[in-house]
Amino acid sequence: MFLAALLKRHAHLTGTVLDLPRPAAAARATARREHLDSRMDADAGSFFHQIPSGADAYILVSILHDWPDEAAICILRACRAAMLPSASLLVIEQILDDPNTDLLFSAESDIAMMVLLGGKERTREGFAAMLEAAGLTLEDTVYMPTSFSLLIARPAIVDRRTSANA
């Protein structure tokens, strides 16, 4: 639904949903129902393994908080492997130190993520550290007037001179 809403507002965009087989089929049905099937597709797969490459942007909406740090970094590494040097990764999540975060909602979500999935809510610094571990650089944070914020990351620039000496 997120991608469908985005495509409806921005007629020049196209997009692909990557999800497990059942949700991917539901995304294709949404594309047909919303008359977006020429601009929206869905691939069945796992973001732990291989993400379609070559996109201008990759979007993760409320994904990383489901997972412990190691698994979240694995997802981010799969994104990084698919990204061209000019691509962006857009991460929409709650940020614990966001000035607009509802502390009660965040605390309840944090407990639910830990108990049900092993994940957790994170601070901006926590997200930045995971992105860095995955070869990405946090370039900007957009605090929205909700409990969710947008983190914008790009592939880290590797200094070949420094990495050759390491």
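The rules behind the values
- Residues numbered from 1 in each chain as written.
- Predicted model: local features only at pLDDT ≥ 70, side-chain atom pairs only at ≥ 80, totals over all residues.
- Heavy atoms only, no water.
- Helix = DSSP H or I, 4+ residues; strand = E, 2+ residues; numbered from the N terminus.
- Buried < 20%, exposed > 50% of the residue type's maximum accessible area, 1.4 Å probe, protein only.
- Phe/Tyr/Trp six-rings, centres within 6.5 Å; stacked < 30°, edge-to-face > 60°.
- Salt bridge = Lys/Arg side-chain N within 4 Å of Asp/Glu carboxyl O.
- Axes fitted to C-alpha atoms, helices over the stretch in contact; angles between N-to-C directions.
- Parallel < 35°, antiparallel > 145°, perpendicular 65-115°, else oblique.
- Left-handed = near helix turned anticlockwise from the far one by under 90°.
- Contact = heavy atoms within 4.5 Å.
- Nonpolar A, V, L, I, M, F, W, Y, C, P; charged D, E, K, R; others polar.

**What about unusual backbone geometry?**
Moving on, step 1. Positive phi, close to 60°, is recorded for His35, a residue that is not glycine.
Moving on, step 2. Within the secondary structure layout, His35 lies in the loop between α2 (21-33) and β2 (40-44).
Moving on, step 3. For Ser62, which is not glycine, the phi dihedral falls at a positive 50°.
Moving on, step 4. Within the secondary structure, Ser62 sits in the loop between β3 (57-61) and α3 (69-82).
Moving on, step 5. By relative accessible area, which is 23% here, Ser62 ends up partly exposed.

**Observations regarding the packing of aromatic side chains**
Moving on, step 1. Overall, the coordinates contain three aromatic pairs when judged by the stated rule.
Moving on, step 2. Here the aromatic rings of Phe48 and Trp67 are separated by 4.8 Å at their centres, their planes lie at 90°, and the arrangement is edge-to-face. Here Trp67 lies in the loop between β3 and α3 and Phe48 lies in the loop between β2 and β3, a separation of 19 residues in the sequence.
Moving on, step 3. We classify Trp67 as partly exposed; its relative accessible area is 28%.
Moving on, step 4. Among the aromatic residues, those joined into a cluster by ring pairs are Phe47, Phe48 and Trp67.

**What about the pattern of salt bridges?**
Any two side chains of opposite charge can pair if their charged atoms end up close together.
Moving on, step 1. Evaluated as defined, the whole model comprises four salt bridges.
Moving on, step 2. Taking the shortest distance from any N to any O, the salt bridge between Arg122 and Asp69 comes out at 2.9 Å. Pair noted here: Arg122 is in the loop between α4 (103-117) and α5 (124-133) and Asp69 is in helix α3, with a separation of 53 residues, a long-range link.
Moving on, step 3. Asp69 sits in the partly exposed class, given a relative accessible area of 28%.
Moving on, step 4. When the shortest N-O distance is used, the salt bridge between Arg154 and Glu139 registers 2.8 Å. Placement of the pair is Arg154 in strand β6 (residues 149-155) and Glu139 in strand β5 (residues 136-143), with a sequence separation of 15 residues.
Moving on, step 5. Owing to a relative accessible area of 29%, Arg154 belongs among the partly exposed residues under this scheme.
Moving on, step 6. Here Glu139 falls in the partly exposed class, since its relative accessible area comes to 47%.
Moving on, step 7. Residues participating in the shared-partner salt-bridge network are Lys8, Arg33 and Glu34.

**Some words on the packing of α3 against α5**
Moving on, step 1. Closest axis-to-axis distance for the α3/α5 pair is 8 Å, and the angle between their directions is 55°. Comparing the axis directions of α3 and α5 gives the class oblique. For the pair α3 and α5, the crossing hand works out as right-handed. Contacts between α3 and α5 involve Asp69, Ala72, Ile73, Leu76 and Arg77 on the former and, on the latter, Met130, Leu131 and Ala133.
Moving on, step 2. Across the contact of α3 with α5, the residue classes break down as six nonpolar, no polar and two charged.

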